Amino acid sequence: MYNIHLIKTSNYKIKLINPEDTHQVRHPVLRSGMPMESCVFDGDNFKTTIHLGLFDQVKLVGICSFFKNNRIDISETPQYQLRGMAILKEYQGKGIGNLILSHGETLLKTKNIQIVWCNAREVAVNFYKKSEYKIIGEPFDIKNIGLHYAMYKKL
């Protein structure tokens, strides 16, 4: 497990969480109407996977997971894939997505990771662009989820 310092800003804190804890945010935000099992991602339990939770007091309101995974069309290594980033609907638009994403990127930099990439939903592309992610390749559809764009950032 990675050593991580607790980050606290106003009422929010970010800390490592267990893979199962991500489901309480993944499900309503990313897998609404789908079975709870759809919240389990391949690699969730790998010891190289990092799961971060953002808390408002004691309530988990945001999550993101980073998986050791290389994209074949990005030459720089090592790489991590950002998956399952989600903020509860009532907390969206308040800048806390930037808090947890930035914290995760900082953590990856301390591990000498050079690239982070993701498959961004169409509605999230501008969010990632504001954090200096760039689109690579053509948009693609993920069955039962929707249109996505591969995006990456050099750390």
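Every value quoted in this text rests on a predicted model; they were computed, and no experiment measured them.

1. A short note on the packing of aromatic side chains
Counting across every chain of the model gives two aromatic pairs. Relative to Tyr128, the ring of Phe127 has its centre 5.1 Å away and its plane inclined at 75 degrees; by these criteria the two rings are edge-to-face. The exposure class assigned to Phe127 is partly exposed, which follows from its relative accessible area of 25%. Overall, the relative accessible area of 7% leaves Tyr128 in the buried class. Taken together, the aromatic side chains of Phe127, Tyr128 and Tyr133 make up a single cluster linked through ring pairs.

2. As for the layout of surface pockets
For the largest pocket, the calculated volume is near 990 Å³. Taken together, 37 residues make up the lining of the largest pocket; nearest its centre are Leu30, Met85, Arg121, Ala124 and Tyr128. At the level of secondary structure, the elements contributing two or more residues to the lining of the largest pocket comprise α1 (23-30), β5 (79-87), α2 (96-110), β6 (115-121) and α3 (125-130). The greatest single-element share of the lining of the largest pocket, amounting to seven residues, is contributed by β5. For the lining of the largest pocket, the residue count by class is 20 nonpolar, ten polar and seven charged.

3. Here's the deal with α2
Here α2 spans 21 Å end to end across 15 residues, near enough to the 21 Å set by a 1.5 Å rise per residue. The first or second residue beyond α2 is Asn112, which carries a positive phi of 60 degrees.

4. A closer look at the nonpolar core
Among the nonpolar cores identified, the biggest contains 35 residues, and Phe66, Leu82, Ile100, Tyr128 and Met151 are the most heavily contacted of them. In this view, Met151 contacts Val116, Trp117, Cys118, Ala120, Val125, Tyr128, Lys129, Tyr133, Lys134, Ile135 and Ile136; residues no more than four positions away in its chain are not counted.

5. A look at the confidence of the model for the protein chain
Detailed conclusions should not be drawn from predicted coordinates in areas where pLDDT is low. Mean pLDDT over the protein chain stands at 92; residues scoring 70 or higher make up 94%. Confidence drops under pLDDT 50 across residues 1-6; counting only partners more than four residues distant or on other chains, this segment forms 16 contacts.

6. Examining the pairing of strand β3 (residues 50-56)
Of all the seven residues making up β3, seven are buried; the element is thus mostly covered by neighbouring parts of the structure. Neither face of β3 is left uncovered, since the one carrying Ile50, Leu52, Leu54 and Asp56 and the one carrying His51, Gly53 and Phe55 both have all their residues buried. Across seven bridges, β3 lies against strand β4 (residues 59-68) in antiparallel orientation. Bridged to Leu54 within β4 is Gly62. Turn length for the β3-β4 hairpin, with the two strands adjacent in sequence and antiparallel, is two residues, and the turn residue Gln57 shows positive phi of about 60 degrees.

Reading the values: rules and limits
- Counting restarts for each chain, with residues numbered from 1 along the sequence as it is written.
- In keeping with the model being predicted, local features are shown solely for residues with a pLDDT of at least 70 and side-chain atom pairs are shown and tallied solely at 80 or more, while totals for entire chains, interfaces and linings include all residues.
- Computation of side-chain values: all heavy atoms of the structure, hydrogens and water removed.
- Each aromatic pair joins two rings of Phe, Tyr and Trp (for Trp, the six-membered one) with centres within 6.5 Å, and gets the label stacked for planes under 30 degrees apart, edge-to-face for over 60, and tilted for any other angle.
- Throughout this description, buried means an accessible area under 20% of the type-specific maximum (1.4 Å probe, protein chains only), exposed means over 50%, and partly exposed covers the range between.
- Two kinds of site are reported from a 1 Å grid over the protein atoms alone, namely cavities, where a 1.4 Å probe fits but cannot get out, and pockets, open sets with protein on both sides within 12 Å along at least five of seven lines, and residues are called lining when an atom falls within 4 Å of a point.
- Grid points are joined across faces, edges and corners, and a volume is the space filled by probe spheres set on the points.
- By definition, any uninterrupted DSSP run of H or I lasting at least four residues is a helix, any uninterrupted run of E lasting at least two residues is a strand, and each is numbered from the N terminus.
- Charged means Asp, Glu, Lys or Arg here, nonpolar means Ala, Val, Leu, Ile, Met, Phe, Trp, Tyr, Cys or Pro, and polar covers whatever is left, Gly included.
- The span you would expect from a helix comes to 1.5 Å times its residue count less one.
- To form a nonpolar core, buried Ala, Val, Leu, Ile, Met, Phe, Trp, Tyr and Cys residues must be joined to one another through side-chain atoms within 4.5 Å.
- For this analysis, residues touch if any pair of their heavy atoms sits within 4.5 Å.
- The pLDDT value expresses, per residue, how confident the predictor is, ranging between 0 and 100.
- Strands are labelled as partners when DSSP assigns at least two bridges between them.

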